[in-house]
Amino acid sequence: MPASLARPVTWWRRQSLRLRVTAAATAVLALALAASAYVFVAVLGEALVRGIDDQVYQRGREIVALSDANRLSDPVVSSDNTIVQVLDREGRIVDATPNTDRLVPLLPAATREAAVRTGSPLFLDGRPYALPGPLRVRALSADHGVTVIVARSFAEVESSMVTIGHVLIAGMPLLLALLAAVSWLVVGRTLRPIALLRRGAAEVGGTARSRRLPVPEARDEVHALATTLNDMLGRLEEADARQRALVSDAAHELRSPLASIRLQLEVALSHPEGQDWTETAEGVLEDTLRLSRLAEDLLALARLDEGRLGRREPVDLVSMARRTAERYGLDLDLDLDLAHSVSPVVASPVVAVPVVLGDTLDLRRVLANLVDNALRHATSAVRIGVRAEGSVAELTVTDDGPGIRPEDRERVFDRFTRLDDARSRDDGGAGLGLAIVRTTVEAHGGTVHLEDASPGLRAVVRLPLAR
């Protein structure tokens, strides 16, 4: 863009929205009014000219009829200031109205013949004939070579058009100024809620997380914007609260193994001569592994919260469940309940193998966390179930332990949540296993819930089957 054009464009973009909307609306209205005025004047002028032409033609036909009947008076009677000249075959004026010249025809011979032949009216300057203003002239042919010239002054129409032009020229700026002022006020009132939103947003800070933006009473787009922004602030507030709680809980969980490591090392260094260094190393290693698992769980949650999934690949839930059962040994009873369906082509029972799209490592972690949780509370047995139901694959892990009360079955999916009977860090983890399960399953488009197994508890994971 040339520099001469860039500067006005930059200046325009820097102006307020109120000014730009008002200026744009006024400019568009000015163009519309100018076009409307032009069309109005053109149509009105054409209508007035057509009216004069009709009057001239009608008067000319009357004179032709009187001439053909030899009933023309001398002089011709003037009607509505119409000028009439009657010429013989040689072009001499034989009769005329009192308000015109009886010696010089209004139209020369050549022009007169062309006007008679085409039948079209003409404009004629009346000043050479001592007539005021322009004239609208028409020539008609009568019997015996007589030609009738009829004219009428166009000064009244011209004066009317000039008056209308002056009115439009004087009135349009006033109308534009009025409409610009109205637009300025209306746009200002329309943008006032946005200004209030801006001031409210400027007041929202780190020390006022619960503050909300003002919502206008009108049910318009600004109301919808304010409601959406307030919903966003609510979600940000909830996310901030979750983050602070996560940081606090993570710090608390990290502090315990770190304190244990520090205590063991301080005791060992204070009494090195009677210290069993192998036992100390084992204790420090156990706390270090606990820290490592906690760090891995936190990283997994951070990755899932950001929506960063691994590879999308087909995962055979049956094979994954079988390998998990083999890894946990004979204490795990693998029960693969495969639902039967009917093939639309062969019409015979076939086994539907549950295959889902997702990250294999993440889904293995889900199953491992559920199995670890079930083994931690089971009395004698844990069972894995896999089946396909419609377009959904269902993965279940069932134990025969004491179960969980119905009011606590949703709370256990919260991060760093332990029930009263699972507070011991020796028996349980950091309270992130089920949180990772739910976050991973939801990231894969599925659901997870706990239900009563009578006796025990059943964790049910439902994932969409791969098409």
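Residues numbered from 1 in each chain as written. Predicted model: local features only at pLDDT ≥ 70, side-chain atom pairs only at ≥ 80, totals over all residues. Heavy atoms only, no water.

### Some words on the overall build of the protein
Thought 1: The number of helices and strands found in the protein is nine helices and 14 strands.
Thought 2: Within the protein, the proportion of its 467 residues that are buried is 33%.
Thought 3: Put simply, of all contacts in the protein between residues at least 6 apart along the chain, 57% involve residues at least 24 apart.
Thought 4: When the accessible surface of the protein is split by element, carbon and sulfur atoms take 57% of a total near 28100 Å². (Helix = DSSP H or I, 4+ residues; strand = E, 2+ residues; numbered from the N terminus. Buried < 20%, exposed > 50% of the residue type's maximum accessible area, 1.4 Å probe, protein only. Contact = heavy atoms within 4.5 Å. Areas by Shrake-Rupley, 256 points an atom, 1.4 Å probe, with all protein chains shown as cover.)

### Notes on the packing of aromatic side chains
Thought 1: Enumeration over the complete set of coordinates arrives at one aromatic pair.
Thought 2: Between Phe123 and Phe154 the ring centres are 5.1 Å apart and the planes differ by 85 degrees, which places this aromatic pair in the edge-to-face class. Taken together, the residues span a long stretch of sequence, with Phe123 in strand E3 (residues 122-125) and Phe154 in the loop between strand E5 (147-153) and helix H4 (155-203) at a distance of 31 residues.
Thought 3: On the basis of relative accessible area, Phe154 is assigned to the buried category, the value being 10%.
Thought 4: We note Arg136 situated over the ring of Phe123; from NZ or CZ to the ring centre the distance is 4.3 Å.
Thought 5: Lying across the ring of Phe413, Arg438 places its NZ or CZ 4.1 Å from the centre. (Phe/Tyr/Trp six-rings, centres within 6.5 Å; stacked < 30°, edge-to-face > 60°. Lys NZ or Arg CZ within 6 Å of the ring centre and 35° of its normal.)

### Brief notes about the pattern of salt bridges
Thought 1: Per the counting criterion, the structure on display carries 16 salt bridges.
Thought 2: Arg387 is the partner of Glu394 in a salt bridge, and the nearest nitrogen-oxygen pair spans 3.0 Å.
Thought 3: Three or more residues joined by partner-sharing salt bridges are found here, namely Arg387, Glu389, Glu394 and Arg462. (Salt bridge = Lys/Arg side-chain N within 4 Å of Asp/Glu carboxyl O.)

### A closer look at the environment of Val382
Thought 1: Residue placement: Val382 occurs in strand E11 (residues 382-389).
Thought 2: Judged by its relative accessible area of 1%, Val382 falls in the buried class.
Thought 3: Here the alpha-carbon distance between Val382 and Thr398, two residues 16 residues apart in the chain, equals 5.6 Å.

### Some points on the UniProt feature "transmembrane region" (unreviewed entry) in the protein
Thought 1: UniProt records the feature "transmembrane region" (unreviewed entry) for residues 21-44 and 164-187 in the present numbering.
Thought 2: From the first C-alpha to the last, residues 21-44 spans 34 Å; its make-up is 100% helix and 0% strand.
Thought 3: Taken end to end, residues 164-187 comprises 100% helix and 0% strand; its first and last C-alpha atoms sit 33 Å apart. (UniProt positions renumbered as here; feature names shortened; annotations may be inferred.)

### Things to note about the nonpolar core
Thought 1: Grouped together as the largest cluster of nonpolar side chains are 30 residues, with contacts concentrated most on Leu367 and Leu370.
Thought 2: Where this core is concerned, the elements lending two or more residues are helix H7 (317-328), helix H8 (360-377), E11, strand E12 (392-399), helix H9 (433-443), strand E13 (447-452) and strand E14 (457-464).
Thought 3: Broken down by element, the residue count for this core peaks at six residues, all from H8.
Thought 4: Apart from the residues lying within four places of it in its own chain, the contact partners of Leu367 are Met320, Ala321, Thr324, Ile384, Leu395 and Val397.
Thought 5: By size, the runner-up hydrophobic cluster in this structure holds 16 residues, among which are Val76, Val84, Leu140 and Val148. (Core = buried A, V, L, I, M, F, W, Y, C linked by side-chain atoms within 4.5 Å.)

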